[in-house]
Amino acid sequence: MLGCISVSVFFLVAILGYVLVHGASYIDWEFLTATPVPAGETGGGIANALVGSFLVVIVASLLALPIGIGAAIFINEFPSLGFGHTVRFLAEVLTGVPSIVVGLFAYALIVIPSGGFSALSGSVAYAFIMVPIILISAHEALRLVPDSLREASLALGIPKWRTIMGVVLPVSSRALVTGAVLAISRALGEAAPMLFTAFGNSFWNINPTKPVATVPLLIYTYATGPYEDWHQKAWAASFVLLMVVLFTSVLTRAFLRGKSNE
Amino acid sequence: MKFKNVAAAVMLTALSTVPSQVFAGCPTKGVKELTGAGATFPYPLYSKMFSEYDKACGVKVNYQSIGSGGGIRQISEMTVDFGASDGIMDDKQKAAAKGGAILHIPTVSGATAVIFNLPNVQTSQLKITPDILADIYLKKINNWNDKRIAAANAAVKLPDLAIAVVHRSDGSGTTFIFTDYLSKVSSDWKEKVGSSTSVNWPGDVGGKGNEGVANSVKQIPGAIGYVEVAYAKQNKIPWAQLQNKAKKFLDPSLDGAAAAADITNLPDNMEVSITDSSNPNAYPISGFTWILAYENQTDPAKADAVAQLVNWMVTDGQKFAAPLEYAPLKGAAVKKAQALVKKIKSYGALVLK
Amino acid sequence: MTRDSQATVESAAGMLSGVKPLSARQQVINLGDRIFYVITKSFAVLIILLTALLVADLFRGAWESINHFGLTFLVGTTWDPVTREFSTLPTVVGTLVKGFIALLLAVPLSFGSAVFICFYTPRWLRPVISYPIELLAGIPSIIFGMWGLFAMVPVIRVIQIWLKANFGWFFLFNGPAVYGVGVLSGSVILFIMITPIITAISKEILLTVPRAQIEGMLALGSTKWEAIWKVALPYSRIGLFGAVILGLGRAVGETMAVTMVGGNSFDMIHSLFDPVHSMASQIASEFSEATYSLYVSSLIYVGLVLFGITILISLLAQFLIWKISRGKLALLD
């Protein structure tokens, strides 16, 4: 058992260590607050990509969390044999769709009809990736809430919907949050869907109807460029991204721990 | 409409006679943003050019490198203002472009280096002739101590080591140029494999992007591969000297690429491959990269902006090319490029005079 | 469990009012419940709708290729953009082999890690270990790819060369060991990527096993390990399966990392060291430069095939769950 954990931790340390060693020297205040500079110049940063990523992922979460958790609630709390079964099955199938296919789907669905790239289409692409993850983990979480709790609540005369919102969800909140965090971190790190949706931007943009820069896409561009300088920026940006993921995870849990203590 | 055109013409004439204060080449109709997409090869250069353009004109040109095919697709769908490609659009693609005829305006040219991994052999010490290169990639020559390689390399001791052929696993303009060259110098290659952005390689390992190929060659003993010169230089990987049409052995270089483009019979539409060029100083695996813009546009302001931008790129913008390892356009190529930009019209009226 | 309790409520209601038991839909009697029901149901319907749209879009894009190649696309072994001959069997095999090996390595490790966190770690220490695992799950695929290529592949190369030297007679090890990139590298990077996902979900599942059950076993004289193996794991087997499915989904759909270390060839593999594309890496690699419509259409056809395979795997998983739970329709248990 200890061996198993050690292996996971080993890989984490190996990867994090590699990223840090290669990119740490590049992380400074400028890196976090400036926009990218063109090839051949040193300095510059990833600020527009950080803001862009936040924008796209927050909107995606606003779309994906209600849909994923809502659907999971429906499947588990309102059993309706074939239908719920099908939805869960489809969610499992959807987890296997490559991110590039999702990007192309969002492209056909939104970019073409609207005539241009936008952060919004990127959010839709991310949401499509997030919903199956959230649905499956939420469903598992809800399934594990003992029925005795539900029955007790119903027996007290509390309507079903309040039972769900007031009893079932809080009890399963920690597992729900795990699923949400997994989904959000997945979205934060995907570059391929952004190629044909949010498109990327070398400049500042917070207008959701226009193209926007995102961190994974920036990492991809820098990592596949010819300059050692760019590679370092890629590693540095990766480290920043990892810290953001960790921060999100810690923050959401702290927030929820506060809530469930009520 | 007519009054507007006259007014615009008057304004342009007036502006063009104003010296120094007004930067020649900025959009004149108030456009502040442009979007472009396409080839990854010129991306570093374009990022520099557009940054300078922003400083000079306050116009933000957002260019993303999604690949030449992506650039062709997006300009066909008109989701971007201009595209960029290392390969020439074929007839089917041209027919599919929603906005009509597309101009291919070359901006720079570049060289593709053939890199290798051999113990005790330094850069430029290995000499490769066209037929040897083709046969290595056809898997007809499988070991570095083959007689034919030795014959071309009397001064170098070649080991008994299997050749590991590395190619691009993703489609790319670099592959297009490389296979185009092999098709020209080897009828066997042309028949068995052909040229395209992605082909059915006879072997061995596919690397993702120039970076992937460079890394694979660096790591695998006995490997051979092809990458853009910048990657070979930056990663310090040894490259081979290739024999050109005039039987000279040359290193990949900016001068070699520029010489390849400096030939007498360039077509007006500049849709030409310059591999295996006839210029005696030409590096054999070189190619243009083009900006794709619609000839007949419907938005006068955008048309003006695109025309001004591209015109600037092929003239004043060229000074940023060499420091970043790109070969600027020279002589006839510049003139033809500018002539192409001048063809851009909006509602039938020429944009640039 | 929920169905049993519904039955209880139904029969109770029935006994009390002398009316026949209500269906789920009929039980939603007050307005708040009704609204809630409609809202959550529409979300569920939305998912079905979007999936249908996705499949329709895939079919539309792949149509030209389907028309042209039909089902020979699935069994041929040539992928030649120049002669315009496309088929996908080698990449299907590549995807399945890499995913399967990754699962084989990941599942024991993940379950072991989850068990360790839940049963062998004091409560205060759990977050300290869990956060790094979640962090690993959040690392972008491109980072995995880069790290894989620069740090992992050279190590794998050494291992491969050793394996070939000592066990080269075995067909699995009789391949180009010196490349480094290939099936083995692809599988290992996938294994590293899916382990944290499976671990994180399994941990949550195992944490909900009622203490009473475990303590009951211990009171009967079992060792801690026996209690885990015989009670905790079987109790949560369905949820654990769900975790594995999530991991498998990631393994089959993963693009960037596999592209960078998988070797990316279109030839059929004969050993663990051969380079090969997975379907996702093939689509991603070729898409931006696909220059004519049959080419694009064939790539989308590959996407459709991938979708079909994922359905088949999920169906298989359903069947296995059904078997494990001895006939009960396990999902809605």
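Residues numbered from 1 in each chain as written. Chains lettered and ligands numbered in written order. Predicted model: local features only at pLDDT ≥ 70, side-chain atom pairs only at ≥ 80, totals over all residues.

Asker: Report on the overall build of chain A, specifying residues and quantitative values.
Answerer: The helix and strand inventory of chain A stands at eleven helices and zero strands. For chain A, the N- to C-terminal ordering of α and β elements is α-α-α-α-α-α-α-α-α-α-α. Projected onto its principal axes, the C-alpha positions of chain A cover 70 × 50 × 30 Å. Taking all 262 residues of chain A together, the buried fraction comes to 59%. Long-range contacts, defined here as pairs at least 24 residues apart, represent 74% of the contacts in chain A between residues at least 6 apart. (Helix = DSSP H or I, 4+ residues; strand = E, 2+ residues; numbered from the N terminus. Buried ≥ 20, exposed ≤ 12 C-beta atoms within 10 Å, placed from the backbone. Contact = placed C-beta atoms within 7 Å.)

Asker: Now, about the overall build of chain C: what can you tell me, with residues and values included?
Answerer: Along chain C, the regular secondary structure elements total 14 helices and two strands. Out of the 333 residues in chain C, the part that is buried amounts to 49%. Across chain C, every contact between residues at least 6 apart in sequence was considered, and the portion connecting residues at least 24 apart equals 73%.

Asker: So what about the interface of chain C and chain A? Which residues, and what values?
Answerer: Reports of interface size often rely on the accessible area that becomes lost once the parts have come together. Each side of the interface is counted separately: chain C has 79 residues, and chain A has 79 residues. Here the element with the most residues in the side of chain C that touches chain A is helix 3 (residues 31-69) of chain C; it accounts for 15 residues. A class-by-class count of the residues in the side of chain C that touches chain A yields 49 nonpolar, 23 polar and seven charged. (Nonpolar A, V, L, I, M, F, W, Y, C, P; charged D, E, K, R; others polar.)

Asker: So, the domain arrangement of chain C: which residues are in play, and what are the values?
Answerer: Residues and elements named next belong to chain C. Assigned domains within chain C: domain 1 (3-68) and domain 2 (75-325). Look at where the C-alpha atoms of domain 1 and domain 2 centre, and you get two points 32 Å apart. Residues of the side of domain 1 that touches domain 2, tallied by class, amount to six nonpolar, three polar and one charged. (Domains from an automatic or database assignment.)

Asker: Report on the interface of chain A and chain B, specifying residues and quantitative values.
Answerer: Contact residues are listed per partner, giving 23 residues for chain A and 22 residues for chain B. A breakdown of the residues in the side of chain A that touches chain B according to their chemical character gives 13 nonpolar, nine polar and one charged.

Asker: Quick rundown of the pairing of strand 1 (residues 33-38) of chain B? Include the residues and the values.
Answerer: Along any regular strand, the residues point their side chains to alternate faces of the sheet. Residue and element names in this part refer to chain B. With five of six residues buried, strand 1 is to be regarded as a mostly interior element. By the bridge criterion, six bridges tie strand 1 to strand 2 (residues 60-65) in an arrangement that is parallel. Looking at strand 2, one finds that leucine 34 is bridged to valine 61. You can see the chain leave strand 1, run along helix 2 (residues 43-57) and come back into strand 2, and the turn it takes is right-handed. (Pairing = 2+ DSSP bridges. Right-handed = clockwise from strand over helix to strand, strands pointing away.)

Asker: Give a description of the sheet that holds strand 14 (residues 345-346) of chain B that names residues and reports values.
Answerer: Residue and element names in this part refer to chain B. Here we have three strands laid out as an open sheet, ordered 12-14-15, and mixed in their pairing. Looking at strand neighbours, the two that pair on one side only are strand 12 (296-297) and strand 15 (349-350), the edges of this open sheet. One ladder, built from two bridges, connects strand 12 with strand 14; its direction is parallel. Residue pairing for strand 14: asparagine 296 is matched across the bridge by lysine 345.

Asker: Kindly report on the nonpolar core, identifying the contributing residues and their values.
Answerer: Counting 298 residues, the largest nonpolar core has Met130 and Ile134 of chain A together with Ile105 and Ala293 of chain B as the members making the most contacts within it. Looking at which element gives the most residues to this core, the answer is helix 6 (residues 119-143) of chain A, with 17 residues. Shared between two domains, this core holds at least three residues of each, these being domain 1 (3-68) and domain 2 (75-325) of chain C. Isoleucine 105 of chain B has contacts with Met270, Trp290, Ile291, Ala293, Val310, Val314, Ala337, Leu340 and Val341 of chain B, leaving out every residue within four places of it along the chain. (Core = buried A, V, L, I, M, F, W, Y, C linked by C-beta atoms within 7 Å.)

Asker: Lay out helix 12 (residues 300-314) of chain B in plain terms, naming residues and giving numbers.
Answerer: Its 15 residues give helix 12 of chain B an end-to-end C-alpha distance of 21 Å, which sits within 8% of 21 Å, the value for a rise of 1.5 Å per residue. Within helix 12 of chain B, 13 of the 15 residues are buried, leaving the element largely enclosed by the surrounding structure. (Expected span 1.5 Å × (residues − 1).)

Asker: I'd like to hear about the sheet that holds strand 10 (residues 249-250) of chain B, residue by residue, with values.
Answerer: Residues and elements named next belong to chain B. Read from one edge to the other, the open sheet built from three strands follows the order 5-9-10, with strand pairing classed as mixed. Sheet topology places strand 5 (127-128) and strand 10 at the edges, where each strand pairs with a single neighbour. Pairing between strand 9 (residues 241-243) and strand 10: two bridges, direction antiparallel. Bridged to leucine 242 within strand 10 is leucine 250.

Asker: Explain the confidence of the model for chain C residue by residue, including any values.
Answerer: Residues and elements named next belong to chain C. Averaged over every residue, the pLDDT of chain C is 81; the share at 70 or more is 88%. Scored below 50 in pLDDT, residues 327-333 makes 17 contacts in the model with residues more than four places away or belonging to other chains. Interface predicted TM-score (ipTM) for the complex: 0.84; the corresponding pTM is 0.80. (pLDDT = per-residue confidence, 0-100.)

Asker: Can you lay out unusual backbone geometry for me, pointing to particular residues and giving the numbers?
Answerer: All names here are of chain B. Unusually for a residue other than glycine, serine 124 sits at a positive phi of about 70 degrees. Among the secondary structure elements, serine 124 is positioned in the loop between strand 4 (102-116) and strand 5. On the neighbour-count criterion, serine 124 (14 C-beta atoms within 10 Å) is partly exposed. Of note in the backbone geometry, glutamate 325 takes a positive phi value of approximately 75 degrees without being a glycine. Following the sequence through the fold, glutamate 325 ends up in the loop between helix 12 and strand 13 (327-328). Assessed through the 23 C-beta atoms surrounding it within 10 Å, glutamate 325 is described here as buried.

Asker: Describe helix 4 (residues 81-94) of chain A, naming the residues involved and giving the relevant values.
Answerer: Between its first and last C-alpha atoms helix 4 of chain A spans 20 Å; for 14 residues at 1.5 Å apiece the expected length is 20 Å, and the two agree. Within the span of helix 4 of chain A, buried status applies to Gly84, Val87, Arg88, Leu90, Ala91, Glu92, Val93 and Leu94 of chain A.

Asker: Go over the packing of helix 3 (residues 47-77) of chain A against helix 4 of chain A, please, and point to the residues and values.
Answerer: Residue and element names in this part refer to chain A. Across the interface, helix 3 lies against helix 4 with an axial gap of 9 Å and an inter-helix angle of 140 degrees. On the basis of their axis angle, the class for helix 3 and helix 4 is oblique. For the crossing formed where helix 3 meets helix 4, the hand is left-handed. Along the contact surface, helix 3 presents Ala71, Phe74 and Ile75, while helix 4 presents Gly84, Val87 and Arg88. Broken down by class, the residue content of the contact of helix 3 with helix 4 amounts to four nonpolar, one polar and one charged. (Axes fitted to C-alpha atoms, helices over the stretch in contact; angles between N-to-C directions. Parallel < 35°, antiparallel > 145°, perpendicular 65-115°, else oblique. Left-handed = near helix turned anticlockwise from the far one by under 90°.)

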